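# Residue-level structural notes
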Amino acid sequence: MSTNNRRWILKQRPVGDIRDGDLQLVDAPIPKPAEGQILVRNIYLMVAPTNRVWMSDIDQYMAPVQLGDVMRGVTMGAVVESRHPAFRPGDVVEGGMAWEEYSVTDRARPVPVGHGLPLRAFASVLGNSGMTAYFGLTEIARPKAGETLVVSAAAGGVGSIAAQIGKILGCRVVGIAGGERKCRLAVEEFGLDACVDYKRGHLLEDLRAACPDGIDVVFENVGGEVMDAEMTLLNIGARIAVCGLISTYNANGDWWAPKMFRNVIMKRARIEGFLISDFVPRFAEGLAVMAPWVRDGLIKYHVDVVDGIENAPVALGRLFSGANVGKQVVRLAREPAFG
Ligand SMILES: NC(=O)c1ccc[n+]([C@@H]2O[C@H](COP(=O)([O-])OP(=O)(O)OC[C@H]3O[C@@H](n4cnc5c(N)ncnc54)[C@H](OP(=O)(O)O)[C@@H]3O)[C@@H](O)[C@H]2O)c1
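Residues numbered from 1 in each chain as written. Predicted model: local features only at pLDDT ≥ 70, side-chain atom pairs only at ≥ 80, totals over all residues. Heavy atoms only, no water.

Attention now moves to the environment of Ile 215. Looking at where Ile 215 falls in the secondary structure, it is placed in strand β11 (residues 215-220). A relative accessible area of 0% places Ile 215 in the buried class. Placed 153 residues apart in sequence, Ile 215 and Met 62 show a C-alpha to C-alpha distance of 33 Å. Dropping the residues within four chain positions of it, Ile 215 is found in contact with Thr 148, Val 150, Leu 207, Glu 230, Leu 233, Leu 234, Asn 235 and Ala 238. (Helix = DSSP H or I, 4+ residues; strand = E, 2+ residues; numbered from the N terminus. Buried < 20%, exposed > 50% of the residue type's maximum accessible area, 1.4 Å probe, protein only. Contact = heavy atoms within 4.5 Å.)

What follows concerns the pattern of salt bridges. Under the definition given, this model contains 20 salt bridges. Residue Arg 282 is joined to Glu 139 by a salt bridge in which the shortest nitrogen-to-oxygen separation is 2.9 Å. Here the residue Arg 282 occupies a position in the loop between β13 (270-273) and α9 (283-295), and Glu 139 occupies one in helix α3 (residues 128-141), the gap between them amounting to 143 residues. Residue Arg 282 is classed as partly exposed on the basis of its relative accessible area, which comes to 27%. Lys 259 is paired through a salt bridge with Asp 228; the nearest N and O atoms lie 4.0 Å apart. Of the two residues, Lys 259 sits in the loop between β12 (234-242) and α8 (263-266) while Asp 228 sits in helix α7 (residues 224-232), which places them 31 residues apart along the sequence. (Salt bridge = Lys/Arg side-chain N within 4 Å of Asp/Glu carboxyl O.)

Before going further, it helps to examine the site of the ligand. The environment of the ligand is formed by 26 residues, the closest being Gly 178, Lys 182, Tyr 198, Ile 276 and Asn 324. Contacts to the ligand include Cys 243, whose backbone N or O atom sits 2.9 Å from a nitrogen atom. Between the ligand and Asn 324, the relevant distance is 2.6 Å, taken from an oxygen atom to a side-chain nitrogen or oxygen of the residue. For the ligand, the protein covers 89% of the area, taking 900 Å² as the surface of the free molecule. (Near = heavy atom within 4 Å. Polar contact = N/O pair within 3.5 Å; in protein donor to acceptor, adjacent residues only side chain to side chain. Areas by Shrake-Rupley, 256 points an atom, 1.4 Å probe, with all protein chains shown as cover.)

To continue, consider the sheet that holds β11. A sheet is described by the order of its strands in space; here 6 strands give the open sequence β10-β9-β8-β11-β12-β13, paired in parallel fashion. Only two strands of the sheet have a single partner each, and these edge strands are β10 (194-197) and β13. For this sheet the average axis-to-axis angle between neighbouring strands, irrespective of direction, equals 15°. Looking at chain direction, strand β8 (residues 148-152) and β11 are connected through 3 bridges and run parallel. Residue pairing for β11: Val 150 is matched across the bridge by Val 218. Against the sheet, helix α4 (residues 159-168) touches β8, β9 (172-177) and β11, its axis set at about 170° to β8. The strands that helix α5 (residues 180-188) touches are β9 and β10; relative to β10, the one it contacts most, it runs at about 170°. (Pairing = 2+ DSSP bridges. Axes fitted to C-alpha atoms, helices over the stretch in contact; angles between N-to-C directions.)

Attention now moves to the nonpolar core. Membership of the largest hydrophobic core comes to 56 residues, with the highest contact counts inside it found for Leu 126, Ile 165 and Met 290. Setting aside chain neighbours within four positions, we find Ile 165 in contact with Ala 133, Tyr 134, Leu 137, Met 290, Trp 293 and Ile 299. Ala 210, Cys 211, Val 218 and Ala 238 belong to the second largest nonpolar core, which has 46 residues in total. (Core = buried A, V, L, I, M, F, W, Y, C linked by side-chain atoms within 4.5 Å.)

Here the focus is α5. Restricting attention to buried positions, one finds in α5 the residues Lys 182, Cys 183, Leu 185 and Ala 186. On an axial view of α5, the arc spanned by its buried residues comes to 160°, and they lie on one face. Seen from the open side of α5, the exposed residues pointing more than 90 degrees away from its buried face are Glu 180, Arg 181 and Glu 188. Contacts made by the buried residues of α5 are with β9 and β10. (Arc of directions from axis to C-beta.)

Within the fold, Ala 48 resides in the loop between β3 (38-46) and α1 (50-55). Between the alpha carbons of Ala 48 and Gly 36 there is a distance of 29 Å; along the sequence they are 12 residues apart. In this structure Ala 48 touches Leu 316, Leu 319 and Lys 327, once residues within four positions along its chain are discounted.

Turning our eyes to something else, we now look at unusual backbone geometry. Backbone geometry follows two general trends: most residues other than glycine have a negative phi, and most peptide bonds adopt the trans configuration. Positive phi is not limited to glycine here, since Arg 142 has a value of about 50°. With respect to the helices and strands, the residue Arg 142 is situated in the loop between α3 and β8. A relative accessible area of 44% means that Arg 142 is categorised as partly exposed. Even without being a glycine, Ala 153 presents a positive backbone phi close to 50°. In this structure, Ala 153 sits in the loop between β8 and α4. Since its relative accessible area comes to 30%, Ala 153 is described here as partly exposed.

See below:
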């Protein structure tokens, strides 16, 4: 076992895109677990757009990461040493909550590995991303069979899963994604009915053509001009679940707000945001539904792997450039095999 624990420190708050110098990679000794704690060798760091929000000091749903602190991020790994009665070496857990190779914690969540699926499934479609798609769609958006559901960032970690759940629920599902390659993937592999490439430059016309009966339900990941186009085409009684607004996370100053907000009145629409952290107590319920869908191939998933803790900022940047396909993770150690 290495004696070093490489970790990223937040040095300064990014202005716009994350740049060299905003974060610093440092070496620290591997920490020792105290009574009631475990030491975890992290295997996956699940970078997420919200990491960029945590780097800023806007009023948000958690305390911002303080300058000089280790960057916050969700990790999954294997217990190396346990001084906690509920965990043994080799157990797979989530909850390291830092951009680092080793973590000590007293708040880990056991990962229910198995179901004939590899660990990376639990870092993506059966982890926070898949649960965000599942609970955001079934509890907040609540689409009905036959309705038109639009999902933005449709080739991404959350969007690709939300869109496929929409298909399982019997919706006509239209994705929005950047580029022909992602749109082809959304239709040919994820089984969407159509996908609009917003980078072609005629988003509203293309979305109108893809949704001839208007839009009943939106699962929103992006905001900005994407959400304005969706809100222009809402049907009466439409529902919008606001999962994320990634197009605005790098903004300096105020975040974007919708130009077509008037349609919330005109179309008697419901708009509701949510946070997956509120659904953590229900993850077992989500897993019981989702694991068979994944195992039986009803839901396909992509995991986009970048290797090495030194590449964590690059991996996060891929979410903002659109380089990632499916769930973006950083692999920090080899994945053990599970039956
Ligand atoms: N509410 C919650 O609890 C919760 C939990 C997890 C995630 N989220 C949110 O869900 C959304 C998706 O997260 P994810 O982890 O699954 O990421 P992701 O969709 O895998 O990656 C982000 C994608 O966003 C698109 N994008 C980035 N900048 C954009 C821009 N300026 N305009 C349009 N599209 C842009 C890119 O796709 P294209 O190449 O298609 O442009 C990129 O691949 C994010 O908004 C995130 O904050 C919310």
